[in-house]
Amino acid sequence: MARVLLFGRLADQAGWRERSVEAGSLASLRQALAAADPDLAEALGGPGVQVAIDKTIVRGEATLAAATEVAFLPPMSGG
Amino acid sequence: MTAFPSISLTAHSFEPGVLLTNFCAGRAETGAVASFVGLARAEHGRATVLELEAYPGFTDAAIARFAEEAKARFDLHDYRIVHRIGRIAPGEAIVFVATAAGHRRAAFEACDFLMDWLKSRAPFWKKEHGPDGDRWIEPTAQDRTDAERWD
């Protein structure tokens, strides 16, 4: 079970910031999210959106071990 | 408060003068302390509240990595960074940065360097709440140019 976190405009769009999703890989997580909310899934794959797994930025595909935290990070604004 | 004692993300307002006094205390070999305080602007009535979102454990770790780079680059004795998160009213302090070095040039430059990075590349998400609604803010071209001075 992955703990999914959304930040910034992505959380506003989704209407939630945190949710548990059953998925063994990043691709299957995206599919599960797309089944529930296609517009959100498109935004999560949009330009400038980075993915962090257990607080480390990853690029491309990744497997998700048990109790993984997956965060979708829109372009950062700075402080 | 975070796992990095030199770095704090806080949802509460802070007093910059107290932070500076504490940072200066007990230093026998530090010849120079430079500090910067950033305040929330009202933007001529356009912004009633600024909201800053961080990713705890990620944002503070990213700031710590960069601050340690600054410490090595400018041969700092020490630094202190306090950043507000959550809802911030105009006039309130958003960020406090202090740097301690043997001599003033390194302290000034390290403070400037840290602020340019914090303003343009630190992992925060910023939303302006105003009378015309809410909007997410991204770094300005000037913020990016300022940060690129050091690359």
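Our structure's up above, just so we're on the same page.
Summary of the structure given here. These numbers come from a predicted model, not from an experiment.

Rules used throughout
- Residues numbered from 1 in each chain as written.
- Chains lettered and ligands numbered in written order.
- Predicted model: local features only at pLDDT ≥ 70, side-chain atom pairs only at ≥ 80, totals over all residues.
- Heavy atoms only, no water.
- Pairing = 2+ DSSP bridges.
- Helix = DSSP H or I, 4+ residues; strand = E, 2+ residues; numbered from the N terminus.
- Axes fitted to C-alpha atoms, helices over the stretch in contact; angles between N-to-C directions.
- Contact = heavy atoms within 4.5 Å.
- Buried area = accessible area lost by both parts, 1.4 Å probe.
- Salt bridge = Lys/Arg side-chain N within 4 Å of Asp/Glu carboxyl O.
- Polar contact = N/O pair within 3.5 Å; in protein donor to acceptor, adjacent residues only side chain to side chain.
- Buried < 20%, exposed > 50% of the residue type's maximum accessible area, 1.4 Å probe, protein only.

**Focus: the sheet that holds strand S2 (residues 32–39) of chain B**
Residues and elements named next belong to chain B.
Phase 1 of the analysis: Read from one edge of the open sheet, 4 strands run S1-S4-S6-S2, paired in mixed fashion. Each end of this open sheet is capped by a strand with a single partner; those strands are strand S1 (7–10) and S2. Across the sheet, the mean angle separating the axes of adjacent strands is 10° when strand polarity is ignored.
Phase 2 of the analysis: Sheet topology note: the S2/strand S6 (residues 93–101) ladder contains 8 bridges and is antiparallel. Paired with Ala34 across the strands is Thr99, a residue of S6.
Phase 3 of the analysis: In this fold helix H1 (residues 16–24) packs onto S2, strand S4 (78–84) and S6, with an angle of close to 15° to the strand it touches most, S6.

**Overview of the interface of chain A and chain B**
Phase 1 of the analysis: At the interface, 19 residues of chain A touch 22 residues of chain B.
Phase 2 of the analysis: Interface area for chain A against chain B, summed over the two sides, is near 1,600 Å², with a carbon-plus-sulfur share of 59%.
Phase 3 of the analysis: In terms of surface lost to chain B, no three residues of chain A exceed Met76, Ser77 and Gly79 of chain A, which account for 40% of the buried area on that side.
Phase 4 of the analysis: In this structure, the connection of chain A to chain B is made through 2 salt bridges.
Phase 5 of the analysis: Here chain A and chain B share 13 residue pairs in polar contact (both at pLDDT 80 or more) between them.

**Here's the deal with the environment of Pro90 of chain B**
Residues and elements named next belong to chain B.
Phase 1 of the analysis: Topologically, Pro90 is positioned in the loop between strand S5 (86–88) and S6.
Phase 2 of the analysis: Taking the C-alpha atoms as reference points, Pro90 and Leu39, separated by 51 residues in sequence, lie 7.3 Å from one another.
Phase 3 of the analysis: If sequence neighbours within four positions are ignored, Pro90 has contacts with Ala40, Arg41, Ala42, Ala47 and Thr48.

**Re the pattern of salt bridges**
Any two side chains of opposite charge can pair, so long as their charged atoms come close to each other.
Phase 1 of the analysis: Counting across every chain of the model gives 14 salt bridges over all chains.
Phase 2 of the analysis: Here Asp78 of chain B and Arg27 of chain B are joined by a salt bridge, their closest N and O atoms 2.6 Å apart. A residue pair is termed long-range when its members are at least 10 positions apart, and Asp78 of chain B in strand S4 and Arg27 of chain B in the loop between H1 and S2 qualify at 51 residues.
Phase 3 of the analysis: A salt bridge links Arg149 of chain B to Asp112 of chain B; the shortest N-O distance between them is 3.1 Å. Pair noted here: Arg149 of chain B is in the segment after helix H4 (141–148) and Asp112 of chain B is in helix H3 (residues 104–120), with a separation of 37 residues, a long-range link.
Phase 4 of the analysis: Asp112 of chain B gets classed as partly exposed once you look at its relative accessible area, which sits at 33%.
Phase 5 of the analysis: Within this structure, Arg3, Glu18, Lys55 and Glu69 of chain A form a network of salt bridges that share partners.

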